[in-house]
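Chain residues, written in single-letter form:
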Amino acid sequence: SSGINAEYGGRKKRNKKDDRDFMGLDPSDNRILFLSNEKDLEDEITFRKGQLSVFPHMRVYTTLRDCHLYIVSRTAVQTLLNKPDIAMLRCEFLPLLVRKQIKQIANSEQFTDLYSILPNDEESSGEQFAALCRPEEVGCYVHITDEFTVRVNQLHNYIKYNRAVAELMPDMMPAYTPPKTVTSFEDGVFGVHQQTQICKQSRVSEEVVIDAKCSIKRSYIGDGVKIGPHTKIADCVIMAGVTIESNVTLANCVICLGAVIRSKSSLKDCRVCDGFEVRGGSEYTDETLIGDEDNMMSFNIDNSHNSSSGDENVMR
């Protein structure tokens, strides 16, 4: 069907950094009516007449930033299950839902005069009227906020912004009370050994055990963490319940809940998932470790490519 073309000053040659998302919203309820990336568009954007007759008012944004937080209904999940070829939520699945909701609403708008199509039988009339008035199966909406938000897709930025929030927005963080200093450890005693150095930019829970001659720089250490002697940690996030043994070196890492890092291990730019145990003497760089000690799997994340390939144990 014919439609309306709108010029937006697109360019035939675009730098990847200049790609923008074009999102058309219903001003009344922020329903998504149009969604496309700049690289998928030519010099004009086309809107169908059928869509404009149903939604005559649309506000097109190019400045919205996707936070990648989606609330998906069971009906939408079923739609995804029926489309096994869909590989990407943002680029494939969401545009499919937008088209599906518009088609459903456009079809329902064909019945402008309900009473003209209803039979005289009262019981049948009630059933048909109820069928026409059911809410649509799929509805896509966006929540726009002016509150402080940060979206990161790289490990060093995740750690950087955790630190920035604590330093620049202290009202968003609980009051910091540094752990007490101890000279020796007894059962059930928390604290940091007096021979350990912790820089001012670090945040360490009160309920930790950090042994002698450790170095903690620009890092966050959660509740119940145990760190052995002669360990060096820089620019890391150590979550609750982690155990780090002696002579370990961690740089720019996120160590998740309950993980164990054995002695003399060295990790740089790594993600260690919940409960994972790193064997003693291991060395990893730019990998995500997931699994268990007997069935370990590591994922090497290459930020310069979107696709990955590999064997059953290592994916690069």
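That block above? That's the structure.
Keep in mind that this is a model prediction, so the values were computed, not measured.

*Asks:* Explain the pattern of salt bridges here, please?
*Replies:* A side chain with one charge can pair with a side chain of the opposite charge if their charged atoms come near. Evaluation of the coordinates by the stated rule reveals 7 salt bridges. With a shortest N-O distance of 3.1 Å, Arg90 and Asp66 are connected by a salt bridge. Pair noted here: Arg90 is in helix α3 (residues 89–108) and Asp66 is in the loop between β5 (59–61) and α2 (74–81), with a separation of 24 residues, a long-range link. The two residues Arg90 and Asp66 agree in class, both being buried. Notably, a salt bridge pairs Asp235 with Arg218, separated by 2.8 Å at the nearest N-O pair. Taken together, the residues Asp235 in the loop between β14 (232–234) and β15 (237–238) and Arg218 in the loop between β11 (215–217) and β12 (220–221) connect sequence positions 17 residues apart.

*Asks:* Looking at this structure, how should I read the sheet that holds strand β23 (residues 283–285)?
*Replies:* Sheet strands associate in pairs through backbone hydrogen bonding, adopting either a parallel or an antiparallel arrangement. Read across the sheet, 6 strands follow the order β8-β11-β14-β17-β20-β23 without closing on themselves; strand pairing throughout is parallel. Pairing within the sheet leaves two strands with one partner each, and these edge strands are β8 (197–198) and β23. Relative to strand β17 (residues 249–251), β14 is paired through 3 bridges, and the arrangement is parallel. Paired with Ala234 across the strands is Ala251, a residue of β17.

*Asks:* Would you mind going over unusual backbone geometry with me for this structure?
*Replies:* The backbone phi angle of His68 is positive, close to 60 degrees, even though this residue is not glycine. Positionally, His68 belongs in the loop between β5 and α2. Classification of His68 as partly exposed rests on a relative accessible area of 45%. One non-glycine residue with positive phi stands out, namely His230, at about 60 degrees. Relative to the helices and strands, His230 resides in the loop between β13 (226–227) and β14. A residue is classified by how much of its surface remains accessible, and His230, at 41% relative accessible area, is partly exposed.

*Asks:* When you look at the sheet that holds β5 in this model, what are you seeing that I'm missing?
*Replies:* An order of β3-β2-β5 is seen for the 3 strands of this open sheet, with the pairing classed as antiparallel. On the outer flanks of this sheet lie β3 (32–37) and β5, each paired with one strand and no other. Across this sheet, the average inter-strand angle for adjacent strands is 15 degrees, counted without regard to direction. As judged from the 3 bridges shared by strand β2 (residues 21–25) and β5, these two strands associate in the antiparallel manner. Each bridged residue has a counterpart across the sheet, and for Gly24 the counterpart in β5 is Val60.

*Asks:* Explanation requested: a nonpolar patch on the surface in the structure shown.
*Replies:* On the surface, Phe148, Val150, Val152, Tyr158 and Tyr161 cluster together into a nonpolar patch covering about 390 Å² of accessible area. Within the secondary structure, Val150 is located in the loop between α5 (122–132) and α6 (155–168).

*Asks:* How should the side chain of Arg90 be read in this particular structure?
*Replies:* You can call Arg90 buried: its relative accessible area is 16%. Of the polar contacts made by the side chain of Arg90, one reaches the side chain of Asp21; its length is 3.0 Å. A distance of 3.1 Å separates a polar atom in the side chain of Arg90 from a polar atom in the side chain of Asp66. Excluding anything up to four places from it in sequence, Arg90 contacts Asp21, Leu35, Asp66, Tyr70 and Pro95.

*Asks:* Looking at this model, I keep getting lost on the pairing of β2. Mind explaining?
*Replies:* For β2, the tally of buried residues reaches 4 of 5 residues, placing the bulk of the element in the interior. Sheet topology note: the β2/β3 ladder contains 5 bridges and is antiparallel. For Asp21, the partnering residue across the bridge sits in β3 and is Asn37.

About the thresholds
- Residues numbered from 1 in each chain as written.
- Predicted model: local features only at pLDDT ≥ 70, side-chain atom pairs only at ≥ 80, totals over all residues.
- Heavy atoms only, no water.
- Salt bridge = Lys/Arg side-chain N within 4 Å of Asp/Glu carboxyl O.
- Helix = DSSP H or I, 4+ residues; strand = E, 2+ residues; numbered from the N terminus.
- Buried < 20%, exposed > 50% of the residue type's maximum accessible area, 1.4 Å probe, protein only.
- Pairing = 2+ DSSP bridges.
- Axes fitted to C-alpha atoms, helices over the stretch in contact; angles between N-to-C directions.
- Patch = residues over 30% accessible without salt bridge, like charges linked within 9 Å, V, L, I, M, F, W, Y side chains within 5 Å.
- Areas by Shrake-Rupley, 256 points an atom, 1.4 Å probe, with all protein chains shown as cover.
- Polar contact = N/O pair within 3.5 Å; in protein donor to acceptor, adjacent residues only side chain to side chain.
- Contact = heavy atoms within 4.5 Å.

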